[in-house]
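The lines below spell out each chain.
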Amino acid sequence: MNKYIMSFSIIFLGICILLGSWFISQSLQSKQEDAAKEAQFRYELFPANESNLIIFDKKSGEYWQKYINPNAGPTDWEKQTSPNSKSSK
């Protein structure tokens, strides 16, 4: 009789450990998903006019402004090769 109680206790302890670790992992996973969703829409880009861009941080209320000179440099995106790349010609 004592042997059966000991076996049952060990099995019950193993099941409790497995269920407890599963509950903890589910709790941590849901918190990570909430933080990722919150950080996804934190910044917003506003074109103030043709020569100014503003990036607004919704969480802290700060913003950054950049003046773009319309007559300086190319206006189209161009793909360039990296100076660090080692290409054999």
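So, a few notes on the structure that sits alongside this text. (Residues numbered from 1 in each chain as written. Predicted model: local features only at pLDDT ≥ 70, side-chain atom pairs only at ≥ 80, totals over all residues. Heavy atoms only, no water.)

**Brief notes about a nonpolar patch on the surface**
Applicable threshold: Patch definition: residues with relative accessible area over 30% and no salt bridge; like charges joined within 9 Å; nonpolar side chains (Val, Leu, Ile, Met, Phe, Trp, Tyr) joined within 5 Å. Surface accessibility in these figures is a Shrake-Rupley result with a 1.4 Å probe; residues are shielded only by whichever protein chains are displayed. For this analysis, a salt bridge means a side-chain nitrogen from Lys or Arg found within 4 Å of a carboxyl oxygen belonging to Asp or Glu. Only DSSP runs of H or I reaching four residues or more are called helices, and only runs of E reaching two or more are called strands; each is numbered from the N terminus. When a residue's accessible area, from a 1.4 Å probe over protein chains only, is under 20% of the maximum for its type it is buried; when over 50% it is exposed; and in between it is partly exposed.
On the surface, Ile11, Ile15, Leu19, Trp22 and Phe23 cluster together to form a nonpolar patch covering roughly 540 Å² of accessible area. Along the polypeptide, Phe23 turns up in helix α1 (residues 2–40). You can call Phe23 exposed: its relative accessible area is 52%.

**A look at the pattern of salt bridges**
For the structure on display, the rule yields 2 salt bridges. Note that Asp57 and Arg42 form a salt bridge whose closest N and O atoms lie 2.8 Å from each other. Of this pair, Asp57 sits in strand β2 (residues 52–57) while Arg42 sits in the loop between α1 and β1 (43–49), and the two are 15 residues apart along the sequence. A salt bridge links Lys58 to Glu44, with the nearest nitrogen and oxygen atoms 3.2 Å apart. Within this pair, whereas Lys58 is found in the loop between β2 and β3 (63–67), its partner Glu44 is found in strand β1, the two being separated by 14 residues in sequence.

**Describing the sheet that holds β1**
Note the threshold: Should DSSP find at least two bridges between two strands, the strands are taken to pair. Only C-alpha atoms enter the line fits that serve as axes; for helices the fit covers just the stretch in contact. Angles between N-to-C directions range over 0 to 180 degrees.
Spatial strand order, β1-β2-β3: 3 strands in an open sheet with antiparallel pairing. Edge positions in the open sheet fall to β1 and β3, since each of these has one partner strand only. Along the sheet, successive strands turn relative to each other by an average axial angle of 20°, direction set aside.

**A word on the pairing of β3**
Here β3 lies mainly on the outside; 0 of its 5 residues are buried. Examined bridge by bridge, β2 and β3 share 5 bridges and lie antiparallel to one another. The residue of β3 that forms the bridge with Leu53 is Lys66. The hairpin turn running from β2 into β3, its antiparallel successor, is 5 residues long, and Gly61 in that turn takes a positive phi close to 85°.

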